[in-house]
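Chains, contacts and geometry: an overview
The chain contents come next:
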Amino acid sequence: MIGDMPWEWVDLSAAELDLPVAIGGSTEPHRLLEAHRHGAFPFPRHRDHAAATQRARYAHHLADGRITAFPAVKSVDARPLTWWSPARRPVIPVGARHLSSCLRHSADDTGPQWIVSCDHAFASVVEDCQEQAGSSWITDAYRASLIALHEAGWAHSIEIWHEDTLIAGLFGTGIGNVFSVDSAFGRHPHATRVAFADLSRRLHGLAELIDIQVPHDYATALGTRSVTRAEYLEALLAVDLPLTIPTGVLAVRPWAPTAHG
């Protein structure tokens, strides 16, 4: 810990489906790691970010202790945080076969190709996710904390390049047998899917699950399945060490689905 006491997390095994497990606190690097270790992540379920509105919305559950209230932190871009740990979690098993076709090698192909890299442009991936619609929850303070976790070896990114242009990417935190994807973006059809396929390839033999956290439109095409909170925490807590991901580059042909998927 960095100077202060750890937060008192509730027993997440009993957390309810449609309620956050906690409200408040901060996204400082050690707080984000602490949350990940408990299977929780910060995410706004409602568009109204006003602190008073958030606490009023969950006042009854805060009063009876079903939601933990963490101390509010004053910051220039602070948002009232809601921390979530879904009863069922959308995940992709590492090594899922349906993703392998996305990584068609193009080393001997004279046609167009994409370059896939890992941890070559972490800050740029976070910024692109921050700028995309609906991602205002990635504040400047949160971005700074993510970069600190990346520099410490906990957070990683996958980048998809067309020539010198970053066209897709994802970032997240790896602990134990789980890589939890915080956000992803794509400027080219199917490029986000290639990023997930490459992440799965790099994690082979190192982890079991790629965590999507919450359902997304792009996740449906990835063939996600859901696991219970208990199954998720078992994989997460198997080893309390950061995942070290290979950082080599890979050339692939731009991917598009065939008539058979």
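You'll find the structure just up there.
Heads up: these notes are all about the structure in this document.

Cut-off values and rules
Residues numbered from 1 in each chain as written. Predicted model: local features only at pLDDT ≥ 70, side-chain atom pairs only at ≥ 80, totals over all residues. Heavy atoms only, no water. Pairing = 2+ DSSP bridges. Helix = DSSP H or I, 4+ residues; strand = E, 2+ residues; numbered from the N terminus. Axes fitted to C-alpha atoms, helices over the stretch in contact; angles between N-to-C directions. Contact = heavy atoms within 4.5 Å. Buried < 20%, exposed > 50% of the residue type's maximum accessible area, 1.4 Å probe, protein only. Arc of directions from axis to C-beta. Phe/Tyr/Trp six-rings, centres within 6.5 Å; stacked < 30°, edge-to-face > 60°. Lys NZ or Arg CZ within 6 Å of the ring centre and 35° of its normal.

Let's talk about the sheet that holds strand E9 (residues 178–186)
The mixed open sheet is built from eight strands, whose spatial order is E11-E5-E10-E9-E8-E7-E6-E12. Edge positions in the open sheet fall to strand E11 (225–228) and strand E12 (250–252), since each of these has one partner strand only. Each strand axis lies, on average, 35 degrees off the axis of its neighbour in the sheet, ignoring direction. The sheet contact formed by strand E6 (residues 114–118) and strand E7 (residues 155–162) spans four bridges and is antiparallel. When the sheet's bridge partners are listed, cysteine 118 is paired in E7 with isoleucine 158. Relative to strand E8 (residues 165–175), helix H5 (residues 122–131) is tilted by about 100 degrees, and along the sheet it contacts E7, E8 and E9.

Observations concerning helix H9 (residues 229–236)
Three or more residues of H9 are buried, namely Arg229, Tyr232, Leu233, Ala235 and Leu236. Along the axis of H9, the buried residues cluster in a sector spanning 160 degrees; they form a single face. Residues of H9 that are exposed and angled more than 90 degrees away from the buried face: Ala230 and Glu234. The inward-facing, buried residues of H9 contact helix H1 (29–37), strand E5 (88–93), E8, E9, strand E10 (209–211) and E11.

A few points about the packing of aromatic side chains
For the coordinates displayed, the defined rule picks out one aromatic pair. The side chain of arginine 89 reaches across the aromatic face of tyrosine 232, ending 3.9 Å from its centre.

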